[in-house]
Amino acid sequence: MLLQAGVPEKQHDSVVLRYCLDLDDQKAADFLGTPVSALRSNLRHDRRRLACAIGRQLWRPAGR
């Protein structure tokens, strides 16, 4: 779903580390070699992309 929503691979990794593997922000940022602020920014953008992608799927007309 993340890649289908247009989430770049590095940001995809941020989401997986933070939400799927349940790492805290600092540990996920350390693993990726990025500042915590960059990780949080990526996560914020990813949540927006996912919300838009989910919204499009929920409101897709029947039969498409």
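See the structure above.
Rules used in this analysis
- Residues numbered from 1 in each chain as written.
- Predicted model: local features only at pLDDT ≥ 70, side-chain atom pairs only at ≥ 80, totals over all residues.
- Heavy atoms only, no water.
- Helix = DSSP H or I, 4+ residues; strand = E, 2+ residues; numbered from the N terminus.
- Buried < 20%, exposed > 50% of the residue type's maximum accessible area, 1.4 Å probe, protein only.
- Areas by Shrake-Rupley, 256 points an atom, 1.4 Å probe, with all protein chains shown as cover.
- Salt bridge = Lys/Arg side-chain N within 4 Å of Asp/Glu carboxyl O.
- Polar contact = N/O pair within 3.5 Å; in protein donor to acceptor, adjacent residues only side chain to side chain.
- Core = buried A, V, L, I, M, F, W, Y, C linked by side-chain atoms within 4.5 Å.
- Contact = heavy atoms within 4.5 Å.
- Axes fitted to C-alpha atoms, helices over the stretch in contact; angles between N-to-C directions.
- Parallel < 35°, antiparallel > 145°, perpendicular 65-115°, else oblique.
- Left-handed = near helix turned anticlockwise from the far one by under 90°.
- Nonpolar A, V, L, I, M, F, W, Y, C, P; charged D, E, K, R; others polar.

A. Spotlight on the overall build of the chain. Broken down by element type, the chain carries three helices and zero strands. Secondary structure elements of the chain, listed N to C terminal, follow the sequence α-α-α. A buried classification covers 30% of the 64 residues belonging to the chain. When the accessible surface of the chain is summed, it comes to about 4600 Å², and 55% of that surface belongs to carbon and sulfur atoms.

B. Structural context of the pattern of salt bridges. Using the criterion set out here, one finds three salt bridges in the structure. The shortest N-O distance in the salt bridge between Asp 25 and Arg 40 comes to 2.7 Å. With a gap of 15 residues between them, Asp 25 in helix H2 (residues 25–32) and Arg 40 in helix H3 (residues 36–58) connect regions that are remote in the sequence. Residue Asp 46 is joined to Arg 49 by a salt bridge in which the shortest nitrogen-to-oxygen separation is 3.7 Å. Taken as a pair, Asp 46 and Arg 49 lie in helix H3 at a separation of three residues, close to a single helical turn. On the accessibility criterion, Asp 46 (0% relative accessible area) is buried. By relative accessible area, Arg 49 is classed as partly exposed at 30%. Each of Arg 18, Asp 25 and Arg 40 takes part in one network of salt bridges that share partners.

C. Highlighting the side chain of Asp 25. Looking at Asp 25, the relative accessible area reads 17%, which means it is buried. In terms of polar contacts, Asp 25 uses its side chain to reach the side chain of Arg 18, at 2.6 Å.

D. Seen up close, the nonpolar core. Val 15, Leu 17, Ala 28, Ala 29, Leu 32, Val 36, Leu 39 and Leu 43 form the largest nonpolar core, which has eight residues in total. Those elements that provide at least two residues to this core are helix H1 (9–20), H2 and H3. Look past the residues within four positions of Leu 43 in its chain and what remains in contact with it is Ser 14, Val 15, Arg 18, Tyr 19 and Asp 25.

E. Focus on the packing of H1 against H2. At a closest axis distance of 9 Å, the pairing of H1 and H2 adopts a crossing angle of 140°. Classified by the interaxial angle, the pair formed by H1 and H2 is oblique. The chirality of how H1 crosses H2 is right-handed. Of the residues in H2, those touching H1 at Lys 10, Asp 13, Ser 14, Leu 17 and Arg 18 are Asp 25, Ala 28, Phe 31 and Leu 32. Among the residues forming the contact of H1 with H2, the class breakdown is four nonpolar, one polar and four charged.

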